[in-house]
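Residue-level structural notes
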Amino acid sequence: MRRQDVIAGISVAGLMLPEAVAYAGIAGLPPQRAIFGAVIGCLVYGLVGRSRFAIVSPTSSSAAILAALLASLPGSVATKAALATIAVAFVGALFLLAALARLGGMTGFISRPVLRGFAFGLAITIILKQLPAIAGTPIHAPDLGHLVLALIAAAPHWNHASVATGLAALIGLIGLRRFPALPGAVIVLGLGIAASMLLRLPDYGVAIVGVIPMTLAWPALPRIGWAEISGLAQFTVPLVLILFAESWGTIRALALRHGDTVDSNREIRALGFANLASAIVQGMPVGAGFSAGSANEAAGAGSRAAALTAALGLALLILVATPLIARLPEPVLAAVVIAALTHALDPAPLFRFWRIDRDQYVALGAALGVIMFGVLNGMLLAIILSVGALVQRLASPRLAQLGRLGTSHDFVDRSRHPDAVVPEGMMIWRPAQPLFFANADAILNAIASRTQAAGCKAIIVSLEESFDLDSSAFDALGEYDALLHKAGVRLQLARVHDHVRDLLARGGLSDLLARCSYSVEDAVLALTAAPASEEK
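This section reports on the structure supplied with the text. (Residues numbered from 1 in each chain as written. Predicted model: local features only at pLDDT ≥ 70, side-chain atom pairs only at ≥ 80, totals over all residues. Heavy atoms only, no water.)

**Thoughts on a positive patch on the surface**
Judged by side-chain charge, R112, R116, R352 and R355 come together as a positively charged surface patch. Of all the secondary-structure elements, those providing two or more residues to the positive patch are α5 (112-135) and α14 (348-356). By the secondary structure assignment, R355 is in helix α14. (Patch = residues over 30% accessible without salt bridge, like charges linked within 9 Å, V, L, I, M, F, W, Y side chains within 5 Å. Areas by Shrake-Rupley, 256 points an atom, 1.4 Å probe, with all protein chains shown as cover. Salt bridge = Lys/Arg side-chain N within 4 Å of Asp/Glu carboxyl O. Lys, Arg positive; Asp, Glu negative; His and termini not counted. Charge placed at Lys NZ, Arg CZ, Asp CG, Glu CD. Helix = DSSP H or I, 4+ residues; strand = E, 2+ residues; numbered from the N terminus.)

**Some details on the packing of aromatic side chains**
Summed over all chains, the structure comprises 4 aromatic pairs. Here F436 and F437 contribute two aromatic rings whose centre-to-centre distance is 5.1 Å and whose plane-to-plane angle is 80°, an arrangement assigned as edge-to-face. Members of the aromatic cluster, joined through ring pairs, are F95, F244 and W248. (Phe/Tyr/Trp six-rings, centres within 6.5 Å; stacked < 30°, edge-to-face > 60°.)

**Things to note about the side chain of S162**
The residue S162 is located in helix α7 (residues 160-176) in this model. A relative accessible area of 1% places S162 in the buried class. Other than its neighbours up to four places away in sequence, S162 contacts A133, I134, A135, G136, V206 and P331. (Buried < 20%, exposed > 50% of the residue type's maximum accessible area, 1.4 Å probe, protein only. Contact = heavy atoms within 4.5 Å.)

**Brief notes about the environment of S510**
Along the chain, the position of S510 falls in helix α20 (residues 510-513). A sequence separation of 137 residues divides S510 from F373, and the C-alpha atoms of the two residues are 54 Å apart.

**Comments concerning the sheet that holds strand β4 (residues 411-413)**
Note on sheets: strands pair through backbone hydrogen bonds, and any given pair is parallel or antiparallel. Taking strand neighbours across the sheet as the criterion, the 5 strands line up as β4-β3-β5-β6-β7 in an open arrangement whose pairing is mixed. Looking at strand neighbours, the two that pair on one side only are β4 and β7 (490-494), the edges of this open sheet. With direction set aside, neighbouring strand axes in the sheet form an average angle of 35°. Together, β3 (399-404), β5 (427-431) and β6 (458-462) form the strand contacts of helix α17 (residues 440-454), whose direction differs from that of β5 by roughly 160°. Here helix α18 (residues 471-486) sits on the sheet in contact with β6 and β7, set at roughly 145° to β7. (Pairing = 2+ DSSP bridges. Axes fitted to C-alpha atoms, helices over the stretch in contact; angles between N-to-C directions.)

**Section: the pairing of β5**
Sheet faces and side chains relate simply in a regular strand, where the side chains alternate between the two faces. Burial analysis of β5 places 4 of its 5 residues in the buried class, which makes it a mostly covered element. As paired strands, β3 and β5 are joined by 3 bridges and run antiparallel to one another. Looking across to β5, one finds that L399 is bridged to P431. Looking at chain direction, β5 and β6 are connected through 3 bridges and run parallel. Residue pairing for β6: I428 is matched across the bridge by I460.

**Notes on the packing of α7 against helix α13 (residues 330-341)**
In contact at an axis separation of 8 Å, α7 and α13 are set at 35° when each is read in the N-to-C sense. The chirality of how α7 crosses α13 is right-handed. For the pair α7 and α13, the contacting residues are S162, T165, G166, A169, L170 and L173 in the first and P331, V332, A335, V336, I338 and A339 in the second. Grouping the amino acids of the contact of α7 with α13 by side-chain chemistry returns 9 nonpolar, 3 polar and no charged. (Left-handed = near helix turned anticlockwise from the far one by under 90°. Nonpolar A, V, L, I, M, F, W, Y, C, P; charged D, E, K, R; others polar.)

Laid out in structure tokens, this is it:
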């Protein structure tokens, strides 16, 4: 084991402790559940996974969704705790089923604008939820808007000692970033415990963590009916999606930065085993969080031994220093979480979407959705916006009229190349999108109207963007050909893929199949020769 891996693991263990306690608080569960999940998640992933930087432990986003899940289910505290264990087991099982079905390619369905907007909104959400701990004022609100208003209204009652403790910890954490070789979180935690004991902060109303019971108990599963199971399933799928999106985004980003190779299906399997193990020890859902992974990378981790060291270091820290951790001020924990999330508040990745004029509203919708409607609804809204933007682009008819470039065989968009010449007596159109059920009629009608307005009797439609056709697009193409034939207009298809040719043959459009060409040049020659052949 490399010395640097040991140092990196110890440094990360110091960050994992406050994150675990804070994320357990977000989920409304005892802190030992997050700690157990962090220890076993790192151990299992270190043995099964392949990323040398990933630290698999409870994450902020999964904790927020787990909190929403538990809040929506009826029952006592003990019943909800048991249901949380079942939910973690469901997460692990779904990951393993996805790995078995080799669904790693589904990562592409959650677009980068969604992830970046989601991360930005989630960072704001979590930071705002940490402010009551720093203010020393317990506030319970149904949403962020009410939380902010209640926090402002309670300003006269803020605990000044608690605010000073939190601000001092936050300033210390940010200042220590100038010295990446030092474990900033461990240093600040140690100073927080020392200040709590020497300055007797609890006497001034500063809340402390208190004793964390670290005993494992055999999970007692309650009697649950279909309503509870459906409620769990409703949140488990989004929980799996967010855990994998966050984990894969972290793993892929760190791997690309160092030229490492990772396989999405193997990572799914590793996350599945890690979550099943977390369920066995009654832990929380676990994934590869960005803050811990980045800290591991910055500390110089060179192999998965760093994650194993972090897990053992966290376990040792809890076993040896539990009495000291009980004296840890809660504002210090909140400051550690806030400092770990400040990197996600950089608006530059969002501004970039405006600069390139692509998907900016998807990213903005994801951020605002999480802030205004909560984690789960915000994520779903962002995905709907992303799919809607794609459908809108595909469904909007955009046509390019092609012309010959000089004396070559190249046919290009005349709006970009005004010197391109249209062959005499014909028009050449290229749809910018693949033909499918939502746009086929609109695109073909637009071609027909423009051709009719020009009084042209020969048309070439280039289908280079349409690798295949669905039944609606196939029917629309056949109806369009019949309409042109009745109007005395000749149609020739260019750049027709073999899949489309096979479909035309199976669908009985043999006459249209005979008028398919592999290039625009061949289509022009076919139309030019058509009148002569018709005379014969």
